Amino acid sequence: MKKLFFILLIGVVLFGFYCVNVINSLVLLDENVKSSWSQVLNQYERRADLIPNLVNTVKGYAAHEEMVLTEVIEARAKATSITLSAKDATNPEMVAQLQSAQGDLSSALSRLMVVVEKYPELKANENFLSLQSQLEGTENRIVVARKDYVEAIKYFNIKIRKIPNNWIAKNFTDLTVKESFSIEPQKQEVPVVQF
Amino acid sequence: MRKNIFLFLIFCFFSLTVWANLFRPSILGNESLPTLTGRVVDNAGILDVKTENKISAILESLEPDQVVVATVSYLNGKEIEEYALQLARYWGIGEKEKDNGILFLIAPNERQTRIEVGYGLEGTLSDVLAHNIIRKKVLPYFKRGDYQNGILSGVQAIATHLNGSVVESEKPISLNKSEPMPLGIMIFLGIFVFFFVLISFLILKEIFSSGKGTKRRSGYNTHNIPSINYGRSKRSSTRTVFRGRGGRFGGGGSSGRW
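Calculation criteria
- Residues numbered from 1 in each chain as written.
- Chains lettered and ligands numbered in written order.
- Predicted model: local features only at pLDDT ≥ 70, side-chain atom pairs only at ≥ 80, totals over all residues.
- Heavy atoms only, no water.
- Phe/Tyr/Trp six-rings, centres within 6.5 Å; stacked < 30°, edge-to-face > 60°.
- Helix = DSSP H or I, 4+ residues; strand = E, 2+ residues; numbered from the N terminus.
- Buried < 20%, exposed > 50% of the residue type's maximum accessible area, 1.4 Å probe, protein only.
- Lys NZ or Arg CZ within 6 Å of the ring centre and 35° of its normal.
- Contact = heavy atoms within 4.5 Å.
- Buried area = accessible area lost by both parts, 1.4 Å probe.
- Salt bridge = Lys/Arg side-chain N within 4 Å of Asp/Glu carboxyl O.
- Polar contact = N/O pair within 3.5 Å; in protein donor to acceptor, adjacent residues only side chain to side chain.
- Nonpolar A, V, L, I, M, F, W, Y, C, P; charged D, E, K, R; others polar.
- Pairing = 2+ DSSP bridges.
- Axes fitted to C-alpha atoms, helices over the stretch in contact; angles between N-to-C directions.

**Student:** Hey, could you run me through the packing of aromatic side chains in this one?
**Tutor:** In this description, a pair of aromatic rings is defined by centroid distance and the angle of the planes. Within the structure shown, the criterion is met by 8 aromatic pairs over all chains. Taking 4.8 Å as the distance between ring centres and 55° as the angle between the ring planes, the aromatic pair formed by Phe142(B) and Trp258(B) counts as tilted. With Phe142(B) in helix H4 (residues 127-143) and Trp258(B) in the segment after strand S5 (249-257), this pair connects stretches of sequence that are 116 residues apart. An identical accessibility class is assigned to Phe142(B) and Trp258(B); each is buried. Looking at Lys178(A), its charged tip hangs above the ring of Phe156(A), at a distance of 4.6 Å from the centre.

Written as structure tokens, this is what we have:
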């Protein structure tokens, strides 16, 4: 009888260690999700910072393209007005709003780049080229940051949904499964043809 | 006897699950990526030996920054931005704490090239600089079909800009999920865990044996346990293999198409 007691005791102790291990892993993964999200926000901000310069440079050569330039400025204003903290990352509505606004900004920027094609002098301007490569770099970083964010959520969810981790998480932490947002690719501009 | 076998099986199962959990398989789908064989990985076969050695020498002089030049015949249908990032991360170019890695990737068949810059070097080799290098030093040669001089010129330009300073930029918390585990270590750990569990089982058995004078020797004799064979004895540990040191990448750098 005493043997059985010891075996059970060892079992409980081992399970205790396992619980600690799981909780600590979840904490690490949760922090990773938070920091990937702030990376996404960082890159959005970085892009927003590039735009005033870009607009001014283009204006210098293509002042008549008022419409596109205004679109970009307005889209940027709207996107930067939506500020999300790491906490809000779990609020699907706010995230959707942010993604939508950023998507609109991406579209406005693409349209601007199309317009720029018409001005070879602008395209050859070193300042513009520098801004353009910074913008491209930032766009790439945005893609990467979003990919990393989705992956961070995936790893967290995998860990927390496993057995017995889900039980452990429910009873010893306040962490829950995170909603993974479908991060839509750049909104494609579909031209509406009116007959 | 049956109870012993039962307990033994439980311990085997336990040690197996522990061992199996040590090696979570990579979910990233990196099977089709080339292997990192050295500082220059010329899978597209566009560099001759002389140029390759010249490039290798320049790259070696840039240590501790780890710069790798790679050429590939296929991008597997991906754009070079996606491929370069995946490859740079898979190879883990650059040092773990400094993230000072750069991957210069050339895909001659898809006519795309990219300089992928690790977090730690984004300040030194900015997107603009990388773009200028590609535009001014590399593409002019590539457009003429001269890959050797184009790559060499690009490497020289990168080397000129890397003057040792590593600038801190935004870095996320590292998650130890992309380190490949060599087979030898896997086997070693497996054997270690197995023997650890076996020994604990035996110790416990001794503790719980019904006291003195058990004539039933169940055949487990401590003298029969062979010494733990460290898997390393099979590999020559003197060979210095070039491998990435865990540097991280965030999508910085620039691409060129021609």
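**Student:** In this structure, what is going on with the interface of chain A and chain B? I would like to understand it.
**Tutor:** Note: interface size is frequently given as the accessible area lost on complex formation between the parts. Across the contact, 30 residues belong to chain A and 26 residues belong to chain B. For the chain A and chain B pair, buried surface summed over both sides reaches about 2,400 Å², with 55% attributable to carbon and sulfur atoms. The three residues of chain A that bury the most area against chain B are Lys3(A), Arg141(A) and Tyr155(A), which together make up 22% of that side's buried surface. Summed over the shared surface of chain A and chain B, the number is 4 salt bridges. Ionic pairing is found between Asp127(B) and Arg141(A), a salt bridge with its closest N-O pair at 2.6 Å. If you look at where chain A meets chain B, you find 5 residue pairs in polar contact (both at pLDDT 80 or more). Listed by contribution, the elements that provide at least two residues to the side of chain A that touches chain B are helix H1 (2-61) and helix H5 (126-161) of chain A. Looking at the side of chain A that touches chain B element by element, the count peaks at 17 residues for H5(A). For the side of chain A that touches chain B, the residue count by class is 9 nonpolar, 11 polar and 10 charged.

**Student:** Looking at this structure, how should I read the sheet that holds S5(B)?
**Tutor:** The pairing of strands in a sheet happens through backbone hydrogen bonds and is either parallel or antiparallel. All names here are of chain B. With mixed pairing, 5 strands are arranged side by side in an open sheet as S1-S2-S3-S4-S5. In the strand order of this sheet, the two ends are held by strand S1 (40-42) and S5, each with one partner. Shown here is a sheet whose adjacent strand axes are inclined to one another by a mean of 15°, direction ignored. Taken together, the 7 bridges between strand S4 (residues 112-118) and S5 define a ladder with antiparallel strand orientation. Bridged to Gly118 within S5 is Phe249. Here helix H3 (residues 80-91) sits on the sheet in contact with S1, strand S2 (66-71), strand S3 (101-107), S4 and S5, set at roughly 135° to S5.

**Student:** Looking at this structure, how should I read the pattern of salt bridges?
**Tutor:** Where charged atoms from two side chains of opposite charge approach closely, those side chains can pair. Scanning the entire structure with this criterion turns up 19 salt bridges over all chains. Its salt-bridge partner being Arg257(B), residue Glu79(B) comes within 2.7 Å of it at the nearest N-O pair. One end of the pair, Glu79(B), is in the loop between S2 and H3; the other, Arg257(B), is in strand S5, and 178 residues separate them in sequence. When the shortest N-O distance is used, the salt bridge between Glu95(B) and Lys98(B) registers 3.6 Å. Taken together, the shared-partner salt bridges connect Asp30(A), Glu31(A), Lys34(A) and Lys178(A) into one network.

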